[in-house]
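# Coordinate analysis (summary)
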Amino acid sequence: MACNKRRPGSGCSALGGYSRQLAVVGGSDACIATHPSDMAVAMRVLDATVEAVKPQGATRTIPIADFHRLPGDTPEIETVLEPGELIASVTLPKPAGGMQHYRKVRDRASYAFALVSVAAIIQPDGSGRVALGGVAPKPWRREDAEAEFSRGAKAVMAKLLAGAKPTEENKFKVPLAERALAAVLAEPRG
Amino acid sequence: MKPFTYERAASPAGAASAAARRPDARFIAGGTNLLDLMKLQIETPAHLIDVNDLGLDKIEPTPEGGLRIGALVRNTDLAADARVRRDYAVLSRALLSGASGQLRNRATTAGNLL
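Rules used throughout
Residues numbered from 1 in each chain as written. Chains lettered and ligands numbered in written order. Predicted model: local features only at pLDDT ≥ 70, side-chain atom pairs only at ≥ 80, totals over all residues. Heavy atoms only, no water. Helix = DSSP H or I, 4+ residues; strand = E, 2+ residues; numbered from the N terminus. Buried < 20%, exposed > 50% of the residue type's maximum accessible area, 1.4 Å probe, protein only. Contact = heavy atoms within 4.5 Å. Areas by Shrake-Rupley, 256 points an atom, 1.4 Å probe, with all protein chains shown as cover. Lys, Arg positive; Asp, Glu negative; His and termini not counted. Charge placed at Lys NZ, Arg CZ, Asp CG, Glu CD. Buried area = accessible area lost by both parts, 1.4 Å probe. Salt bridge = Lys/Arg side-chain N within 4 Å of Asp/Glu carboxyl O. Polar contact = N/O pair within 3.5 Å; in protein donor to acceptor, adjacent residues only side chain to side chain. Nonpolar A, V, L, I, M, F, W, Y, C, P; charged D, E, K, R; others polar. Pairing = 2+ DSSP bridges. Axes fitted to C-alpha atoms, helices over the stretch in contact; angles between N-to-C directions.

### Description of the overall build of chain B
Looking only at helices and strands, chain B has seven helices and five strands in total. Its helices and strands taken in sequence order, chain B reads β-α-β-α-β-β-β-α-α-α-α-α from the N to the C terminus. For chain B, the spread of C-alpha atoms along the principal axes amounts to about 45 × 30 × 15 Å. Burial status across chain B gives 46% buried among its 114 residues. In chain B, of all internal contacts separated by at least 6 residues, the share reaching a separation of at least 24 is 49%. For chain B, the computed accessible surface area is about 5700 Å², with 51% contributed by carbon and sulfur atoms. Each charge class in chain B can be summarised by its mean position, and for the 15 positive and 12 negative side chains these summaries are 3 Å apart.

### Observations regarding the interface of chain B and chain A
Taken together, the 42 residues of chain B in the interface contact 41 residues of chain A. Summing both partners gives a buried area of about 3100 Å² for chain B against chain A, and 70% of it is carried by carbon and sulfur. In this assembly, chain B and chain A are joined by zero salt bridges. At the junction of chain B with chain A, the criterion picks out twelve residue pairs in polar contact (both at pLDDT 80 or more). Sorting the residues of the side of chain B that touches chain A by element identifies helix 1 (12-21), strand 5 (67-70), helix 3 (75-80), helix 5 (89-96) and helix 7 (109-113) of chain B as the ones contributing at least two each. At seven residues, helix 1 of chain B tops the list of elements feeding residues into the side of chain B that touches chain A. Counted by class, the side of chain B that touches chain A contains 27 nonpolar, eleven polar and four charged residues. By the bridge criterion, four bridges tie strand 3 (residues 86-92) of chain A to strand 5 of chain B in an arrangement that is antiparallel. Bridge assignment links A:Ser89 to a residue of strand 5 of chain B, and that residue is B:Gly70.

### Let's talk about the sheet that holds strand 5 of chain B
The five strands lie next to each other as 2(A)-1(A)-3(A)-5(B)-4(B), forming an open sheet whose pairing is antiparallel. Across the chains shown, the open sheet's two edge strands, defined by having one partner strand only, are strand 2 (59-63) of chain A together with strand 4 (59-61) of chain B. Ignoring which end each strand starts from, the neighbouring axes of this sheet average 25° apart. As defined by bridge partners, strand 4 of chain B adjoins strand 5 of chain B across three bridges and the pair is classed as antiparallel. Counterpart to B:Glu60 in the pairing with strand 5 of chain B is B:Arg68.

Structure, rendered in structure tokens:
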């Protein structure tokens, strides 16, 4: 199986092949793999930071927004960690409050990766934050989309998934993400 | 699975410098991904650096009012932490929606980011 992530330059079997699970936004002509973690999507919406230790013992702090790289033409390089760097901890800022949701949509009820997941923090005044899993090579969040919360899920998702290039097999993810966010917004706010 | 050598690191900087010396090495924590990939020979590291003994398994409050989560905190323990459940419920819910109980007992915070 050709995979530019596993064997750089070998090609991609998923582009034009089986792509139901794969990315609709943020991918490249080399790779449309999704980042599979649920935890990382929550960390992204919480504005976590990652602390890494270098071989000489020095540490650096990386905002989670910058931690994962988009594939471009080097999909084998998935994060900004340098060779030898070790993750020591992940720090959450002070609590954001609000109602905190994680809505995961998948092909079966348990033990499956997300087709789409929505991590959202909705405040009583209707403002909010949202990050998506299952749609991109990294937890997918665009802070500029969050200004649209007062106009509803469709407006938020139009910005959040702007530039999406789904395949025929996974184009369902775009309306699915919008409806998953709409379901979250229909929940009580307090 | 291909043969490999193995060491247990004693400090975070020691683990990092061991990895810097050996480009063919991988860190191993819970092993929930790496061992599967090694059995299929998708990953074929010649050396493993075990990072389970680094003391990075605590969840501590920060002076800024947040929480610092050690890299080796298991998904099960993070999801069940009373402070996480109360103040960062989205994180607890996300963790519990993934994998299985057995995997979450082994899977680590840092591993889940990669």
